[in-house]
Structures are given as structure tokens and as C-alpha cells.
Amino acid sequence: MLQLLHIENIAVIEQADIELEDGLTVLSGETGAGKSIVIDSIGAILGRRISRDLVRSGAQKGFVSAVFTALSPALQALLDELALSGEEPDTLHIQRQLTADGKSTCRVNMKPVSASVLRQLAPYLIDIHGQNDGQKLLDEQHHIDYLDGYAGCEALLAQYRPQYQALLALRREITALETGEQERLQRVDMLTFHKEEIEAAQLQPGEEEALAQRKAYFDHAGRIAGALAQARLTLDGDDDTAGACTLLEQAAGALTGLHAVSEAFDGLAEQAEELRLLAADLRDSVCSQSDHLDFSPAEREWVEQRLDLIYRLRQKYGESVAEVIAYHDKITAELDALQDSDNRRDTLREQYREQLTEAKKLAAQLSEQRRAAAKRLETEIVRELAELDMEKVKMRIAVHTGTKLSAHGFDTVSFEISVNPGEPEKPLSRVASGGELSRIMLALKNVLTAGEDVGMLIFDEIDTGVSGHAAQQIARKLSAIARKKQTLCVTHLPQIAAMGDHHLRIAKSVRDGRSYTDVSPMDWPHRVDEIARLLSGDQISDAARRNAEELLCAAGQEGEPQ
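Throughout what follows, the structure given in this document is the object of discussion. (Residues numbered from 1 in each chain as written. Predicted model: local features only at pLDDT ≥ 70, side-chain atom pairs only at ≥ 80, totals over all residues. Heavy atoms only, no water.)

1. Let's talk about the overall build of the protein
Looking only at helices and strands, the protein features 20 helices and 15 strands. Whereas a compact globule of 562 residues would reach a radius of gyration of roughly 24 Å, the protein reaches 47 Å, over 25% beyond that. Reported as C-alpha extents along the three principal axes, the dimensions of the protein are approximately 150 × 65 × 45 Å. Across the 562 residues that make up the protein, the buried fraction comes to 42%. Taking the intrachain contacts of the protein between residues at least 6 apart in sequence as the baseline, contacts between residues at least 24 apart amount to 72%. Of the accessible surface of the protein, which amounts to about 29,700 Å², a share of 49% is contributed by carbon and sulfur atoms. Distance between charge centres in the protein, computed from 62 positive and 92 negative side chains, equals 10 Å. (Helix = DSSP H or I, 4+ residues; strand = E, 2+ residues; numbered from the N terminus. Rg over C-alpha atoms; globule rule 2.2 N^0.38 Å. Buried < 20%, exposed > 50% of the residue type's maximum accessible area, 1.4 Å probe, protein only. Contact = heavy atoms within 4.5 Å. Areas by Shrake-Rupley, 256 points an atom, 1.4 Å probe, with all protein chains shown as cover. Lys, Arg positive; Asp, Glu negative; His and termini not counted. Charge placed at Lys NZ, Arg CZ, Asp CG, Glu CD.)

In C-alpha cells:
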């Protein structure tokens, strides 16, 4: 149960501490006083999405905290699983701070968590029936969710939905393969041509550089031959002129002969001998190159053709031989995948058939579970509505089972009702008035939450469109619900306000040009005045007070502080 709610700098509420107890607590106040702000604040600690506008104007941040006690075993187990159990046994502290720039920080038992963790805890803490739930009840798309919640279909749906999503994914892949067949064949032809053209060239890494050097050799054949001949003549000489090798040999011999005169010339002799040997080696290399010059026209033509082929391939498939080879490897892999698409399509079709069979089995189980639960839910809702001054109502929960799978299985569900004897059941949206819709929603909530672990129920203006005897019946029903679960009801009806075990009044005032909202518990005299206000408006008469006292007494409230 929610024991304490602290609100700070949230909209028009500067600061409020709201203590809540077991039973039925009613919250009343003028329209616009800030009742919805209290509900929004509770929504914040449940992890709901919040607007930055919720932070009070002029404040840097807002803050909401809540203390829950009497935790259910399921909630205790979840806290243990998430490592969020606190030091205080059977107590849960939740805090959420909101900043003016739209950011928020959350804590559970003083440990930082994300808002998604708060949403995990929310189903065990509070169930809020808001003003928009009545419209949701009119939308038949949501009826199957109500029935599934009552039927306990969560486990089956947890198995079915991944199967259904997998079916959709397989169907998309198969369709893509089937619709792209012509494009696939065209691409196979194109890539096959590219692959064969590159493979026919038998390219080798580094080949282009080697060929370029060989072409340069052919392009400068005359210059190479002339240079080698000139060098050979210079080094070796001819019949008329001594070459450099002969001259160096003579110089080395002359300097070596000085050794007998003085050892001071030995260094010069060694240098001369070294130069002689180097010149001889150079002469031998030049002679060898000259003797092996090969300027084959056939080879030259082959080199030029090969370079031209490589150039054309680079123009089409890459800026270098390495890139052309890499492109070949890439399209080879793509071709393998494309050429295997027939096998892939057959494999996918087989997977689809297997997945479809399994999904249909689960969908059939869902249909069976829903049909069985629909009858029980009809009976329970009709019984609840009879207690809400709708004794003549007839209710049918129609489970329509088709042959095509959807996210819910084979079924669609519609709630149909007859509020007048002799009239056939028709869809809620065509029959129910505002007051009837409120009572149907209350009956449905009471049935659906009876077996849930949620610790508190909140009804935000469940009394819309209701008055008179029906209002009294709703008040009694809320009181009955509150004997099983802690209940908070935001109301404008005096009948419901009088039925509360506890009564909070929310009031807005203006001080120094700013709006402030306060939430206060009320004693007997103040409850009388508040219920009298709900009966007659701002001008409270003695008759209205007496009427208020009668309502409180009829509800079993005593004339003492509450």
C-alpha cells in the first residue's frame, strides 16, 4: 500500500505531504485545483513518461517520493531479483527528480535506477484508472487485452508473439526473394561477366609495376645499348687508347713499387689497388649487361598488350590491380549467395511452414482459453453491474475466431451489451451512455484486479456522467473494493465523498501573485462543509449541511475527526 506521497515543485504544488491509509480515501476539490497533478505525480514514481512542463515555473527541479508498505510476495521477489531490496523490511522507497530541461533521475531504496525499472515495479504497486480509460473501453481493439488479462493468457502470448514476429520476418524475406527474381538474374549475368573477365586476365599482385619497368626498358633500348658501349670502351679501351682499368693498373703498380723506398706510400698504394679492383668489377658487369641485351619485339608487344589489358580492367573495376582482385573476391561471394537463392528460398519456405504450424497451435490454445474465460467474465461483470444499479443488463463477450493470424492469434474480441430488456446485445460504443460506461469500467476493473498483486487502486473521476441512485451504488462498490485493496478516488460526487474512510481536500490559492495548491486531510466539520459544497456549490446552506451529515451517517461515518 502507498503510505506516504511527498510532492515538491510539481506544477502548482510547491510542497505537499500526503499520508494515506487503508480503505477508501476520497480526494475532492474545485475544478483546476490540482487533483490531476497529484495523479501525475503518482504516475511519475511509477515510471510514466513526464513532461518538462510538470516542473513548477521558476524552479530548477521537481521532486516526488513515495513510501510503500505491506509489499506483496511477488513484489519482494522482484526486488530481490533486481537487487533493490531495502534495509527496512517490507518497505519500499521510490524517488524521482525532474529537471526543467526534461531530464529525470530515479531511485529505488536509495539505489539509482532507470524509469524502465519503475515501470517493471508499477504493476505490483498501483493501478490507475484514468479519465481516458472509458474511451479505451469503447475501442474494440482493446477488448482482447481486457479478456487476455482476465484469462491469464500472458504465458501463452509470451510464446506466441515471438513466433508470430518470426513468421513475419520469414514472409518478408521470402517475398523479397520472389519479387526480385528478374533483378537477381540480371545481376547474376552481369557479375558472372565481370568475374570471368577478371579471371581470364590472371592478374598477379605487383604485376603492373614489373611490366611498367620492362616497358621502360624497351622504350629506351637505344640509349641503354649506347651507354653500355660507351662505358665499356672507357673502362676497357681499344687498340689505340688505354682504358681506365689499364691506367688504374699502371697507377697501382707504380705506387706499390715505392714500398721499397718508404712505407709512407703504402696507403696510397692500397687505395690505388682498391680502385683498380672496383673498376675491373664494373667493367665485367658492363660487359655482361652488353652481352645479354634482349630487345625482343615479340616480348615488347606482349608487355604493351598486357599493360593495356590491366589499364582497361582498372578503368572498370578498381584503381589498382589489388583493388581489381579485391572486387573479384567480393563479387564471387555475392554470386555464391545469389546463385544459392533458390536453395535459400526453399529453406525459408520450409522454415515458414514449420513456424506457421507451431504458431497456429499456440493461437488455437489462446482461442480455447479466451472462449472459456469469456463466459466467466460475462457472468462476473453482469453480477457487478447488478450491484451498480444495472440489474437488467445483458453482456456478451464475443470471441470471433478467424483463419488469419495476427499479433493476437486467430481472434478478435468485442464487448457487447444490452441495457434495456428485450433489446439485443450491441457494441458498447453504440449503446452505453457516459454513466453506464463508468459503471461498466468500474465493474471490469473490480473483476480484473481482484486476483492481481497490485497493492493500490486509483480511480480518477470514475463518476463521470453518473448521479442519483447510480452514484450511490458506485460509492458502495468503491467501498467494497477498498475493503480488499487500498483505494483512492478522485471525485465530484457527494455520495462517493461521503463513503470514504478518509477524505483529502485539494485547494488552490493565490499568494503574492503566484498559485499554490495544498492537500489537507479533513475532520468531521470540514467534511460536512466539503460534501455540502459538492451538493450545493459555493453558497453552502444549512440544508446542504444537514444533507451532508445525513450522507455521512448513512455511509456509516461517525461525527468525530476522521
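Past the structure itself, the notes keep going.
2. Observations regarding the sheet that holds strand E11 (residues 426-427)
The antiparallel open sheet is built from three strands, whose spatial order is E9-E10-E11. For this open sheet the edge positions go to strand E9 (394-406) and E11, each flanked by a neighbour on one side alone. Pairing geometry for strand E10 (residues 409-418) and E11, over two bridges, is antiparallel. Across the sheet, residue Ile-417 finds its bridge partner in E11, namely Lys-426. (Pairing = 2+ DSSP bridges.)

3. Some details on helix H19 (residues 524-536)
The periodicity of an α-helix, 3.6 residues per turn, causes residues three or four positions apart to be oriented the same way. For H19, spanning 13 residues, the distance from its first C-alpha to its last is 18 Å, which sits close to the expected 18 Å at 1.5 Å a residue. Three or more residues of H19 are buried, namely Trp-524, Arg-527, Val-528, Glu-530, Ile-531, Ala-532, Arg-533 and Leu-534. Next to the buried residues of H19 lie strand E3 (24-28), helix H18 (494-499), strand E14 (502-511) and helix H20 (542-554). Of the residues one or two after H19, Gly-537 is the one with positive phi, at around 95°. (Expected span 1.5 Å × (residues − 1).)

4. Considerations on the sheet that holds strand E4 (residues 61-69)
The antiparallel open sheet is built from six strands, whose spatial order is E2-E1-E4-E5-E6-E7. Two strands in the sheet have a free side with no partner beyond their single neighbour: strand E2 (13-19) and strand E7 (111-113). Averaged over all pairs of adjacent strands, the angle between their axes in this sheet comes to 15°, without regard to strand direction. In this fold helix H1 (residues 35-45) packs onto strand E1 (2-10), E2, E4 and strand E5 (91-99), with an angle of close to 105° to the strand it touches most, E1. (Axes fitted to C-alpha atoms, helices over the stretch in contact; angles between N-to-C directions.)

5. Details of the side chain of Arg-533
You can see Arg-533 is positioned in helix H19. With residues up to four places along the chain from it excluded, the contact list for Arg-533 reads Gly-29, Glu-30, Arg-505, Asp-538 and Ile-540.

6. Regarding the nonpolar core
By size, the foremost hydrophobic cluster in this structure holds 61 residues, and its most contacted members are Leu-137, Leu-377, Leu-385, Phe-415, Leu-444 and Leu-478. In this structure, Leu-385 is in contact with Met-390, Glu-391, Val-393, Ile-417, Arg-439, Ile-440 and Ala-443, ignoring residues within four places of it in sequence. Counting 48 residues, the second-largest nonpolar core is a separate cluster that includes Val-64, Val-113, Leu-118 and Leu-125. (Core = buried A, V, L, I, M, F, W, Y, C linked by side-chain atoms within 4.5 Å.)

7. Notes on the packing of aromatic side chains
With the rule as written, the count across this model stands at three aromatic pairs. With 6.2 Å between their ring centres and 35° between their planes, Tyr-146 and Phe-415 make a pair best called tilted. On the criterion of sequence distance, the pair formed by Tyr-146 in helix H5 (residues 143-151) and Phe-415 in strand E10 is long-range, its members being 269 residues apart. Tyr-146 sits in the buried class, given a relative accessible area of 10%. Residue classification places Phe-415 among the buried positions, given a relative accessible area of 0%. With a centroid separation of 5.9 Å and an interplanar angle of 20°, the aromatic rings of Tyr-160 and Tyr-164 are classed as stacked. With Tyr-160 and Tyr-164 both in helix H6 (residues 154-179), this residue pair falls four residues apart, about one helical turn. According to the relative accessible area criterion, Tyr-160 is buried, its value standing at 0%. Overall, the relative accessible area of 14% leaves Tyr-164 in the buried class. Sitting over the face of the ring of Tyr-516, Arg-56 holds its NZ or CZ atom 4.7 Å from the ring centroid. Taking NZ or CZ as reference, Arg-171 lies 5.4 Å from the ring centre of Tyr-352, over its face. (Phe/Tyr/Trp six-rings, centres within 6.5 Å; stacked < 30°, edge-to-face > 60°. Lys NZ or Arg CZ within 6 Å of the ring centre and 35° of its normal.)

8. Overview of the packing of helix H10 (residues 244-256) against helix H11 (residues 266-291)
The interhelical angle for the contact between H10 and H11, taken along N-to-C directions, is 160°, at an axis separation of 8 Å. As summarised for this structure, H10 and H11 are arranged roughly antiparallel, according to the angle between their axes. Here H10 and H11 pass one another in a crossing that is left-handed. Residue-level inspection shows Cys-245, Leu-248, Glu-249, Ala-251, Ala-252, Leu-255 and Thr-256 of H10 in contact with H11, the latter providing Leu-268, Ala-269, Ala-272, Glu-273, Leu-275, Arg-276, Ala-279, Ala-280 and Arg-283. Among the residues making up the contact of H10 with H11, the classes are represented as 11 nonpolar, one polar and four charged. (Parallel < 35°, antiparallel > 145°, perpendicular 65-115°, else oblique. Left-handed = near helix turned anticlockwise from the far one by under 90°. Nonpolar A, V, L, I, M, F, W, Y, C, P; charged D, E, K, R; others polar.)

9. Concerning the pattern of salt bridges
Per the stated rule, a full pass over the model turns up 24 salt bridges. One salt bridge in this structure joins Asp-148 and Arg-370, with 2.7 Å as the shortest N-O distance. One end of the pair, Asp-148, is in helix H5; the other, Arg-370, is in helix H14 (residues 341-386), and 222 residues separate them in sequence. Between Arg-300 and Glu-304 there is a salt bridge whose closest N-O contact spans 3.5 Å. (Salt bridge = Lys/Arg side-chain N within 4 Å of Asp/Glu carboxyl O.)

10. As for the environment of Met-456
Residue placement: Met-456 occurs in strand E12 (residues 456-460). For the pair Met-456 and Pro-521, spaced 65 residues apart in sequence, the C-alpha to C-alpha distance is 19 Å. The residues contacting Met-456, other than those within four sequence positions of it, are Leu-2, Leu-20, Leu-125, Ile-126, Asp-127, Gln-486 and Leu-488.

11. Observations regarding the pairing of strand E6 (residues 104-108)
Sheet topology places E5 next to E6; five bridges connect them, and they run antiparallel. Looking at E6, one finds that Leu-98 is bridged to Ser-104. Where E5 hands over to E6, the hairpin turn is made up of four residues, of which Gly-102 adopts a positive phi near 95°. Sheet topology places E6 next to E7; three bridges connect them, and they run antiparallel. Bridging from a neighbouring strand, Arg-107 pairs with Pro-112 of E7. Taking the residues between adjacent antiparallel strands as the criterion, E6 and E7 are bridged by two residues, where Asn-109 takes a positive phi near 50°.

12. Some details on a negative patch on the surface
On the surface, Asp-17, Glu-19, Glu-21 and Asp-22 cluster together to form a negatively charged patch. Position of Glu-19 relative to the elements: it lies in strand E2. Residue Glu-19 is classed as exposed on the basis of its relative accessible area, which comes to 66%. (Patch = residues over 30% accessible without salt bridge, like charges linked within 9 Å, V, L, I, M, F, W, Y side chains within 5 Å.)

In short, geometric facts, not functional conclusions.
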